[in-house]
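One-letter residues, chain by chain:
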Amino acid sequence: MSSLTHFDAQGQAHMVDVGAKPATHRIAVAEGRIVMQPATLAIIQSGTAKKGDVLGIARIAGIMAAKKTSDLIPLCHPLALTRVAVEFDLLPDVSAVRCLATVETVGPTGVEMEALTAVQVALLTVYDMCKAVDKLMVMEGMRVVEKRGGKSGSFVA
């Protein structure tokens, strides 16, 4: 395993210098899901939530979150994102909503953190919009499922 790059030789946290790295096309895909009561999933599916279009609002929240990742995670670089896509799948067999976020850039560093942040905030938004009817919702399984570009190459979970 390689060493952690956010620490210098003295063990102090620092922002990694990516200035000499070439700009390449980078893609990251992350996923997660929120498990809920079947009645809550039915409300989302039918579009009858009192606060409005749950998945539409959550999609916008995820996109906005990806763009703000460097404001939330201290050592992340601000990036010019070229694409953010947030998708949802309803999973009635497990009474859950799955979120998949795809983030792209052309730059010297990857976009895994932006994809993970998009998923987390999108699912938090689902929770916020549905908490009046279901306080037992659980977010789980957040992970990077694919990464392409850069020196370390491709990764698929």
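Scoring rules and cut-offs
Residues numbered from 1 in each chain as written. Predicted model: local features only at pLDDT ≥ 70, side-chain atom pairs only at ≥ 80, totals over all residues. Heavy atoms only, no water. Salt bridge = Lys/Arg side-chain N within 4 Å of Asp/Glu carboxyl O. Buried < 20%, exposed > 50% of the residue type's maximum accessible area, 1.4 Å probe, protein only. Core = buried A, V, L, I, M, F, W, Y, C linked by side-chain atoms within 4.5 Å. Helix = DSSP H or I, 4+ residues; strand = E, 2+ residues; numbered from the N terminus. Contact = heavy atoms within 4.5 Å. UniProt positions renumbered as here; feature names shortened; annotations may be inferred. Patch = residues over 30% accessible without salt bridge, like charges linked within 9 Å, V, L, I, M, F, W, Y side chains within 5 Å. Areas by Shrake-Rupley, 256 points an atom, 1.4 Å probe, with all protein chains shown as cover. Pairing = 2+ DSSP bridges.

Novice: I keep staring at the pattern of salt bridges and nothing clicks. Help me out?
Specialist: Once the charged atoms of two side chains with opposite charge are near each other, the side chains can pair. Summed over all chains, the structure comprises nine salt bridges. Where R98 meets D89, a salt bridge forms, and the shortest distance between an N and an O atom there is 2.9 Å. For D89, a relative accessible area of 35% puts it in the partly exposed group. Overlapping salt bridges bring together E31, D89, R98 and R143 as one network.

Novice: Explain the nonpolar core to me, please; I cannot follow it from the model alone.
Specialist: Burial of nonpolar side chains together is a common tendency in soluble globular proteins. Ranked by internal contacts, the top residues of the largest apolar core, which has 30 residues, are M36, I44, V54, V86, F88, V97 and V126. Those elements giving two or more residues to this core turn out to be β1 (24–35), α1 (38–46), α2 (54–67), β2 (81–91), β3 (96–107) and α4 (112–130). For this core, the element with the most residues is α4, which contributes nine residues. Look past the residues within four positions of M36 in its chain and what remains in contact with it is L41, I44, S95, V97, V126, D134 and M137.

Novice: Quick question: what am I supposed to make of the UniProt feature "active site" (unreviewed entry) in the protein here?
Specialist: Following the UniProt record, one finds the feature "active site" (unreviewed entry) at D128. One can find D128 in helix α4. Judged by relative accessible area, which is 34%, D128 ranks as partly exposed.

Novice: Sorry if this is basic, but what is going on with a nonpolar patch on the surface here?
Specialist: The grouping of L72, I73 and M113 at the surface amounts to a nonpolar patch, some 240 Å² of accessible area in total. By secondary structure assignment, the location of L72 is in helix α3 (residues 69–72).

Novice: What exactly am I supposed to notice about the pairing of strand β4 (residues 138–148) here?
Specialist: Regular strands show a simple pattern: their side chains alternate between the two faces of the sheet. Bridge count for β1 against β4 is eight bridges, and the pairing is antiparallel. Note that in β4 the partner of I27 across the bridge is R148. Bridge count for β4 against strand β5 (residues 155–156) is two bridges, and the pairing is antiparallel. Residue pairing across strands places E146 opposite V156, the latter belonging to β5. The loop that links β4 with its antiparallel partner β5 comprises six residues; one of these, G149, has a positive phi angle of about 100°.

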